[in-house]
Amino acid sequence: HAASKVAAAKAYKKVPKALSAQDAQSISAGLKLPYSLMFKWCIATGLRRTNVANLTIAQLPEEVDEIAYVTLTVKGGKPLDVPVTRALMSVTWDYIETVRPRLLSKTRIETDRIFVNEKGMPATSSSYYSAFRRAAMLAGIRASPHCTRHTFAAHMNAALERCVASGVGINPTKVLQHILGHSSPATTELYLDAVKAMDLGVLRALIEVQESLE
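So, how was this worked out
Residues numbered from 1 in each chain as written. Predicted model: local features only at pLDDT ≥ 70, side-chain atom pairs only at ≥ 80, totals over all residues. Heavy atoms only, no water. Helix = DSSP H or I, 4+ residues; strand = E, 2+ residues; numbered from the N terminus. Buried < 20%, exposed > 50% of the residue type's maximum accessible area, 1.4 Å probe, protein only. Contact = heavy atoms within 4.5 Å. Phe/Tyr/Trp six-rings, centres within 6.5 Å; stacked < 30°, edge-to-face > 60°. Axes fitted to C-alpha atoms, helices over the stretch in contact; angles between N-to-C directions. Parallel < 35°, antiparallel > 145°, perpendicular 65-115°, else oblique. Nonpolar A, V, L, I, M, F, W, Y, C, P; charged D, E, K, R; others polar. Core = buried A, V, L, I, M, F, W, Y, C linked by side-chain atoms within 4.5 Å. Patch = residues over 30% accessible without salt bridge, like charges linked within 9 Å, V, L, I, M, F, W, Y side chains within 5 Å. Areas by Shrake-Rupley, 256 points an atom, 1.4 Å probe, with all protein chains shown as cover. Salt bridge = Lys/Arg side-chain N within 4 Å of Asp/Glu carboxyl O. Lys, Arg positive; Asp, Glu negative; His and termini not counted. Charge placed at Lys NZ, Arg CZ, Asp CG, Glu CD. Polar contact = N/O pair within 3.5 Å; in protein donor to acceptor, adjacent residues only side chain to side chain.

Engineer: Sorry if this is basic, but what is going on with the overall build of the protein here?
Structural biologist: Scanning the protein for helices and strands turns up 11 helices and 2 strands. For the protein, the N- to C-terminal ordering of α and β elements is α-α-α-α-β-β-α-α-α-α-α-α-α. For the protein, buried positions account for 45% of its 214 residues. Sequence separation of 24 or more characterises 59% of the internal contacts of the protein that already satisfy a separation of 6 or more.

Here you go:
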């Protein structure tokens, strides 16, 4: 009996939870700045909350066509170019130029971090986690901050699959692995040029997903 329990435990595979559009909207509505904007970044790019909390103004491009790249170091120390839409960049620069200075005026601290809390201090991954969980609980939704990463992955994969169905020659799994920073070094080398070149199909998919999730 004990052995069967162990076998069952080993065979168990946790299925990542993706938020529905309604759940995402409900959680977003329960968040205040800067956490509502951090949530947009997490769900629209698939980035981990730690990477989002550590974003600096120097990393952001000032001019954006349809897609811009934000370069950062992700889990494992790997550099990653994260594609971001014009819409997300626009709302972020608006926050930086209007809300952020007012919050920073509450303290003498100097920081290049994008996201600043109500006390004028850099927002942290932990404080975002707490804000997310409170918003989710108030909305009656069982979810963790990591669900935004799963949500982006699910929507992006569906969009890429639609690209393939329309004749675009891409491998959805490999493209998604690279965007999320999950690919092995060999896979990264193989698909890096194709992703950086932003095949029109991938470009359309990114814009569709990010704008729908923002």
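Now that the structure has been shown, the text picks up again.
Engineer: Help me understand unusual backbone geometry, please; the structure alone is not making it clear to me.
Structural biologist: Across residues other than glycine, the phi torsion is negative in most instances, and most of the peptide bonds are trans. For the bond running from L33 to P34, omega is 5 degrees, close enough to zero to count as cis. Within the secondary structure, P34 is located in the loop between α2 (21-29) and α3 (35-45).

Engineer: I'm lost on the packing of aromatic side chains in this one. Help?
Structural biologist: Aromatic ring pairs are defined here through the distance separating the ring centres and the angle between the ring planes. According to the stated counting rule, one finds 3 aromatic pairs in the structure shown. Taken together, a centroid distance of 6.1 Å and an interplanar angle of 35 degrees make the contact between Y95 and F115 tilted. Highlighted residues: Y95 in helix α5 (residues 86-97) and F115 in the loop between α6 (99-104) and α7 (125-138), separated in sequence by 20 residues. Taken as a pair, Y95 and F115 share a single burial class, namely buried. Here the aromatic rings of Y128 and F132 are separated by 6.2 Å at their centres, their planes lie at 50 degrees, and the arrangement is tilted. Placement of the pair is Y128 and F132 together in helix α7, with a separation of 4 residues, close to one helical turn. Like F132, Y128 is buried. Each residue in the set F39, Y128 and F132 is aromatic and connected to the rest through ring pairs, giving one cluster.

Engineer: Got a minute to help me understand α3 in this structure?
Structural biologist: The α-helix winds at 3.6 residues per turn, so residues separated by three or four positions along the chain end up facing the same way. Judged by how many residues are buried, α3 sits mostly within the fold: 10 of 11 residues are covered. Positive backbone phi, approximately 80 degrees, marks G46, located one or two places after α3.

Engineer: Would you explain the packing of α2 against α3 in this entry?
Structural biologist: The packing of two helices is summarised by the inter-axis angle and the distance between the axes. Look at α2 against α3: their axes get within 9 Å of each other, and the N-to-C directions meet at 155 degrees. In terms of orientation, α2 lies roughly antiparallel with respect to α3. Side by side, α2 and α3 meet where A24, I27 and S28 of the first sit next to S36, F39 and I43 of the second. When its residues are assigned to classes, the contact of α2 with α3 shows 4 nonpolar, 2 polar and no charged.

Engineer: Hey, could you run me through the nonpolar core in this one?
Structural biologist: What tends to happen in soluble globular proteins is that the nonpolar side chains get buried as a cluster. By size, the foremost hydrophobic cluster in this structure holds 46 residues, and its most contacted members are I27, W41, Y95 and F115. For this core, the secondary structure elements donating two or more residues are α2, α3, α4 (49-53), β1 (67-74), β2 (78-85), α5, α6 and α7. Looking at this core, the element that brings in the most residues is α3, giving 8 residues. Excluding its chain neighbours within four sequence positions, the residues that come into contact with F115 are P34, L37, M38, W41, V52, L55, Y95, M121, P122 and A123. Residues C163, V168, V175 and L180 belong to the second largest nonpolar core, which totals 11 residues.

Engineer: What is the right way to look at a negative patch on the surface in this model?
Structural biologist: A cluster of acidic side chains, namely E62, E63, D65 and E66, defines a negative patch on the protein surface. By secondary structure assignment, the location of E66 is in the loop between α4 and β1. Using a relative accessible area of 45% as the deciding quantity, one classes E66 as partly exposed.

Engineer: Is there a simple way to think about the environment of T71 in this case?
Structural biologist: Its place among the elements puts T71 in strand β1. Separated by 11 residues in sequence, T71 and L60 have C-alpha atoms that sit 8.4 Å apart. Once residues lying within four places of it in the same chain are set aside, the contact partners of T71 are Q59, L80 and D81. A distance of 2.6 Å separates the side chain of T71 from the side chain of D81, its partner in a polar contact.

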